[in-house]
Amino acid sequence: MIGLLGLVITLYAFAFKKNSMRLVSEPQIHFLGDENLFVTHETVSKLLIQKQHSVKKLPKETLDLNQLESALNSNPMIKSAQVYMTVDGSLVADVEQKRPIARVSTNASYYIDDQGTYMPLSGNYTVRVPIVTGKIDKNNLDNVFIMAKKIQSDEFLKKNVFEIFQSENKTIYIKLRQCDFVVQIGNMDYLDKKINNLKAFYKKSFKEGTLNNYSKVNLQFENQVVCTKI
């Protein structure tokens, strides 16, 4: 029994050593979620570099999976990434890309993602989202993000809003497709109520054919829709 146990340990150690020295094949890259590739397979492959060498053909035991994972997560297009080895010894990278919900178009151009953070534009794909103009600080996107997130979650707004404007005092305005007026939202307090008031006004004015009789619709006062006629 002692001899048999020793043989098993020896075979296991031999197999483990042989497996750890096996060279890594072409990494398997899986994109999770949306098919729109802001980050390509080629980009991810270039990020899977360890000590200035591609991971392909490197011995498995030399891989630092944490380092590879950190390299992927440092990319501003990537929301999260996991790098691991499968049972059969394949290197796998599961990548979830950021999802843009608005596009800033001022002296700088970039996306705001669904977490409210900066996301650079991609040369591989352009997504159709509301543009953001006015006085925008990349390090303080709170109001614009709340408005953009509301637009993404509301079918009426998603269909009709094409621009978000923020003034120097952080007052938010939005513009609707096929309407000449600008909508003053104000701050983000009671936003749901303000949007419900806008929908009621839009529905009534559309039915009456008077949508283009106004230059401004002000929603910043609670329980009121104050309209300025052309």
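Residue numbering note: each chain is counted from 1, following its sequence as written. Under the rules for a predicted model, residues below a pLDDT of 70 receive no local features and side-chain atom pairs below 80 are neither given nor counted, while totals for whole chains, interfaces and linings still include all residues. The basis for every side-chain value is the complete set of non-hydrogen atoms in the structure, without hydrogens or water.

A. Looking closely at the environment of Phe-165. Tracing the sequence through the fold places Phe-165 in strand 10 (residues 161–166). Assessed through its relative accessible area of 33%, Phe-165 is described here as partly exposed. Put simply, Phe-165 and Ile-185 are 20 residues apart on the chain and 10.0 Å apart in space, counted from C-alpha to C-alpha. The residues touching Phe-165, leaving out its near neighbours within four places in the chain, are Thr-133, Gly-134, Thr-171, Ile-172 and Tyr-173. Segments assigned H or I by DSSP are reported as helices when at least four residues long, segments assigned E as strands when at least two residues long, and all are numbered from the N terminus. Relative accessible area decides the class of each residue, using a 1.4 Å probe on protein chains only: under 20% of the type maximum gives buried, over 50% gives exposed, and in between gives partly exposed. Should any heavy atoms of two residues lie within 4.5 Å, those residues are counted as being in contact.

B. Highlighting the nonpolar core. Buried Ala, Val, Leu, Ile, Met, Phe, Trp, Tyr and Cys residues form a nonpolar core when they are joined through side-chain atoms within 4.5 Å. One finds Met-147, Ile-174, Phe-181, Val-183 and Ile-185 to be the most contacted residues of the largest nonpolar core, which totals 34 residues. With residues near it in sequence (within four places) discarded, Val-183 still touches Ile-172, Tyr-173, Ile-174, Leu-176, Leu-198, Val-217 and Leu-219. Core analysis: the next-biggest nonpolar cluster, separate from the first, contains 19 residues, Phe-38, Val-83, Leu-91 and Tyr-111 among them.

C. Summary view of the packing of helix 4 (residues 142–153) against helix 6 (residues 191–208). Note on definitions: angles span 0 to 180 degrees between N-to-C directions of axes, and those axes are lines fitted to C-alpha atoms, for helices only across the stretch in contact. One way to put it is that helix 4 packs onto helix 6 with a least axis distance of 12 Å and a crossing angle of 50 degrees. Between helix 4 and helix 6, the angle falls in the class oblique. For the pair helix 4 and helix 6, the sense of crossing is right-handed. Between helix 4 and helix 6, the residues in contact are Ile-146, Met-147 and Lys-150 and Leu-191, Asp-192 and Ile-195, respectively. Of the residues contributing to the contact of helix 4 with helix 6, the split by class is four nonpolar, no polar and two charged. Here is the rule for angles: anything less than 35 degrees is roughly parallel, anything more than 145 is roughly antiparallel, 65 through 115 is roughly perpendicular, and the remaining ranges are oblique. The handedness criterion is simple: a crossing whose near helix is rotated anticlockwise from the far helix by less than a right angle is left-handed, and one whose near helix is rotated clockwise is right-handed. Asp, Glu, Lys and Arg are counted as charged, while Ala, Val, Leu, Ile, Met, Phe, Trp, Tyr, Cys and Pro are counted as nonpolar; the rest, among them Gly, fall into the polar class.

D. Main features of the sheet that holds strand 4 (residues 78–85). The pairing criterion for strands is at least two bridges between them, as found by DSSP. Strand order across the open sheet formed by three strands is 1-5-4, with mixed pairing between neighbours. Pairing within the sheet leaves two strands with one partner each, and these edge strands are strand 1 (28–32) and strand 4. Direction aside, the axes of adjacent strands within the sheet are offset by 20 degrees on average. Across seven bridges, the pairing between strand 4 and strand 5 (residues 91–97) is antiparallel. Following the sheet pairing, Gln-82 is matched in strand 5 by Asp-94. On top of the sheet, helix 3 (residues 65–73) reaches strand 4 and strand 5; it is set at about 160 degrees to strand 4, its chief contact.

E. Main features of the pattern of salt bridges. Salt bridges are defined by distance alone: a side-chain nitrogen of Lys or Arg within 4 Å of a carboxyl oxygen of Asp or Glu. One pass over the structure, following the stated rule, counts nine salt bridges. Here Lys-79 makes a salt bridge to Asp-114, at a shortest N to O gap of 3.9 Å. Taken together, the residues span a long stretch of sequence, with Lys-79 in strand 4 and Asp-114 in the loop between strand 7 (109–113) and strand 8 (118–119) at a distance of 35 residues. Under the relative-accessibility criterion, Lys-79 is labelled partly exposed at 35%.

F. Fine view of the side chain of Asp-154. Within the secondary structure, Asp-154 sits in the loop between helix 4 and helix 5 (155–160). Taking the relative accessible area as the measure of exposure, Asp-154 reaches 10% and is therefore buried.

G. Region of interest: the pairing of strand 12 (residues 182–186). Counting buried positions along strand 12 gives four out of five residues, so the element sits mostly inside the fold. In terms of strand pairing, strand 11 (residues 172–176) meets strand 12 through four bridges, oriented antiparallel. Along strand 12, the bridge assignment pairs Tyr-173 with Gln-184. Here strand 12 pairs with strand 13 (residues 214–218) via three bridges, running parallel. Bridged to Val-182 within strand 13 is Lys-216. Viewed with both strands pointing away, a crossover whose connecting path from the first strand over the helix to the second turns clockwise is right-handed. After leaving strand 12, the chain enters helix 6 and then returns to the sheet as strand 13, a path that is left-handed.

H. Layout of the sheet that holds strand 13. Read across the sheet, nine strands follow the order 8-7-6-9-10-11-12-13-14 without closing on themselves; strand pairing throughout is mixed. In the strand order of this sheet, the two ends are held by strand 8 and strand 14 (226–229), each with one partner. Contacts between helix 4 and the sheet are confined to strand 6 (100–105), strand 7, strand 9 (131–134), strand 10, strand 11 and strand 12, with strand 10 contributing the most and set at about 165 degrees to the helix.

As far as function goes, none of this settles anything; it's purely spatial.
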